[in-house]
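Take a look at the letters that make up each chain.
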Amino acid sequence: AQSVAQPEDQVNVAEGNPLTVKCTYSVSGNPYLFWYVQYPNRGLQFLLKYITGDNLVKGSYGFEAEFNKSQTSFHLKKPSALVSDSALYFCAVRDTFSGYALNFGKGTSLLVTP
Amino acid sequence: DARVTQTPRHKVTEMGQEVTMRCQPILGHNTVFWYRQTMMQGLELLAYFRNRAPLDDSGMPKDRFSAEMPDATLATLKIQPSEPRDSAVYFCASGSIAGGSGNTIYFGEGSWLTVV
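Residues numbered from 1 in each chain as written. Chains lettered and ligands numbered in written order. Predicted model: local features only at pLDDT ≥ 70, side-chain atom pairs only at ≥ 80, totals over all residues. Heavy atoms only, no water.

### Notes on the overall build of chain A
Scanning chain A from N- to C-terminus turns up zero helices and 12 strands. The order of helices and strands in chain A, counted from the N terminus, is β-β-β-β-β-β-β-β-β-β-β-β. In terms of overall dimensions, chain A is globule-like: its C-alpha atoms have a radius of gyration of 13 Å, near the 13 Å expected for 114 residues. C-alpha extents for chain A along the principal axes are approximately 45 × 30 × 20 Å. When the 114 residues of chain A are sorted by exposure, 48% land in the buried category. Split by element, the accessible area of chain A, about 5200 Å² in all, is 50% carbon and sulfur. Taking the 9 positively charged and 8 negatively charged side chains of chain A as two groups, their mean positions are separated by 5 Å. (Helix = DSSP H or I, 4+ residues; strand = E, 2+ residues; numbered from the N terminus. Rg over C-alpha atoms; globule rule 2.2 N^0.38 Å. Buried < 20%, exposed > 50% of the residue type's maximum accessible area, 1.4 Å probe, protein only. Areas by Shrake-Rupley, 256 points an atom, 1.4 Å probe, with all protein chains shown as cover. Lys, Arg positive; Asp, Glu negative; His and termini not counted. Charge placed at Lys NZ, Arg CZ, Asp CG, Glu CD.)

### Focus on the nonpolar core
With 28 residues, the main nonpolar core has Leu33, Trp35, Leu47, Leu48, Phe74, Leu76 and Tyr89 of chain A as its most contacted residues. Of all the secondary-structure elements, those providing two or more residues to this core are strand 2 (10-14), strand 3 (19-21), strand 5 (31-38), strand 6 (44-50), strand 8 (64-68), strand 9 (73-78), strand 10 (87-95) and strand 12 (108-113) of chain A. If one sorts the elements of this core by residue count, strand 10 of chain A sits on top with four residues. Every residue in contact with Tyr89 of chain A, bar those within four places of it in the chain, is listed here: Gln6, Trp35, Tyr36, Val37, Leu47, Phe63, Leu76, Gly107, Thr108 and Leu110 of chain A. Counting residues in each nonpolar core, the second largest holds 22 residues, with Val19, Met60, Met69 and Ala88 of chain B among its members. (Core = buried A, V, L, I, M, F, W, Y, C linked by side-chain atoms within 4.5 Å. Contact = heavy atoms within 4.5 Å.)

### Comments concerning the pairing of strand 3 (residues 19-24) of chain B
Residues and elements named next belong to chain B. Pairing geometry for strand 1 (residues 5-7) and strand 3, over three bridges, is antiparallel. Directly across from Thr5, in strand 3, lies its bridge partner Gln24. When strand 3 meets strand 8 (residues 74-79), the two strands line up antiparallel, connected through five bridges. Bridge assignment links Arg22 to a residue of strand 8, and that residue is Thr76. (Pairing = 2+ DSSP bridges.)

### So, the interface of chain A and chain B
Many structure descriptions define interface size as the accessible area lost when the parts assemble. Facing the 22 residues of chain A at the interface are 26 residues of chain B. In total, chain A and chain B occlude about 1900 Å² of area from one another, counting both sides; carbon and sulfur atoms represent 55% of this. If you look at where chain A meets chain B, you find one salt bridge. Notably, a salt bridge pairs Arg42 of chain A with Glu109 of chain B, separated by 2.4 Å at the nearest N-O pair. Counting the contacts that link chain A with chain B gives seven residue pairs in polar contact (both at pLDDT 80 or more). Listed by contribution, the elements that provide at least two residues to the side of chain A that touches chain B are strand 5, strand 6 and strand 10 of chain A. The residue inventory of the side of chain A that touches chain B, partitioned by class, reads 12 nonpolar, five polar and five charged. (Buried area = accessible area lost by both parts, 1.4 Å probe. Salt bridge = Lys/Arg side-chain N within 4 Å of Asp/Glu carboxyl O. Polar contact = N/O pair within 3.5 Å; in protein donor to acceptor, adjacent residues only side chain to side chain. Nonpolar A, V, L, I, M, F, W, Y, C, P; charged D, E, K, R; others polar.)

### Focus on the pattern of salt bridges
Note that side chains of opposite charge can pair when their charged atoms are close. All names here are of chain B. In the structure shown here, the tally under the stated rule is nine salt bridges over all chains. Notably, a salt bridge pairs Glu83 with Arg64, separated by 3.5 Å at the nearest N-O pair. Of this pair, Glu83 sits in the loop between strand 8 and strand 9 (88-95) while Arg64 sits in the loop between strand 6 (53-56) and strand 7 (65-71); the two residues are 19 residues apart in sequence, bridging distant segments of the chain. Judged by its relative accessible area of 8%, Arg64 is buried. Between Asp86 and Arg64 there is a salt bridge, with the nearest N and O atoms lying 2.6 Å from each other. With a gap of 22 residues between them, Asp86 in the loop between strand 8 and strand 9 and Arg64 in the loop between strand 6 and strand 7 connect regions that are remote in the sequence. Comparing Asp86 with Arg64 shows no difference in burial state: the two are buried. Among the charged side chains, a salt-bridge network with shared partners connects Arg64, Glu83, Arg85 and Asp86.

### A few points about the packing of aromatic side chains
Residue and element names in this part refer to chain A. Taken as a whole and assessed by the stated rule, the structure comprises 19 aromatic pairs over all chains. Between Tyr36 and Phe46, the aromatic rings sit 5.9 Å apart at their centres with planes inclined by 70°, giving edge-to-face as the arrangement. Of this pair, Tyr36 sits in strand 5 while Phe46 is found in strand 6, placing the two residues 10 residues apart along the sequence. The exposure class assigned to Phe46 is partly exposed, which follows from its relative accessible area of 25%. (Phe/Tyr/Trp six-rings, centres within 6.5 Å; stacked < 30°, edge-to-face > 60°.)

### Looking at the sheet that holds strand 3 of chain B
Sheet strands pair by backbone hydrogen bonding; their relative direction is either parallel or antiparallel. Residue and element names in this part refer to chain B. As summarised here, the arrangement of the four strands in space is 1-3-8-7, forming an open sheet in which the pairing is antiparallel. The sheet is open, and its two borders are formed by strand 1 and strand 7, each paired with just one other strand. Adjacent strand axes in the sheet meet at a mean angle of 20°, parallel and antiparallel pairs treated alike. (Axes fitted to C-alpha atoms, helices over the stretch in contact; angles between N-to-C directions.)

Structure representation (structure tokens):
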């Protein structure tokens, strides 16, 4: 079985400060890991993914994520938060055995204050 | 700009009525997913199709929900009869997925359903 956990329901950060949104995963095979962002009343937008190779993955809007196999984590980071980054963030996993669908975490609400 | 298109965007209906949601996947994508989002349950996978064949509908209440893909450009999700507990956002997503691949899936804007 494959799953992800997002331990924080909400993350608050001041504009200009670095942000981290946490995600841990559990898979049978090797993981493919994804981050999506959802703005209010919108669909999910793809941010970045880890497939293989470099553990540090760079994505849209200045976001990056670090894959850590020993800690089974894939935390989302950004060096300097913007108020416009305030949204709901989802981590998702697909493993190399089970193929098709993505399993999503519960989501973490990010609030960036001016 | 290729995108997944869903209709209707918003629907308010009375309990007991039939609701049909439609999805046009991105051209060339072979796998289509239906997810449901609620505050309590988060994102749940309802069903998905690959090359128009249903692969998994284990997340879908079978007594009232049905999903079909009559052709490569249209997927439908039907609820009959609808109940207030079906109120949620229903997302369609598509991707060009091979088994165990890292390919991305792309979401539509959702159909926001309220059953009163």
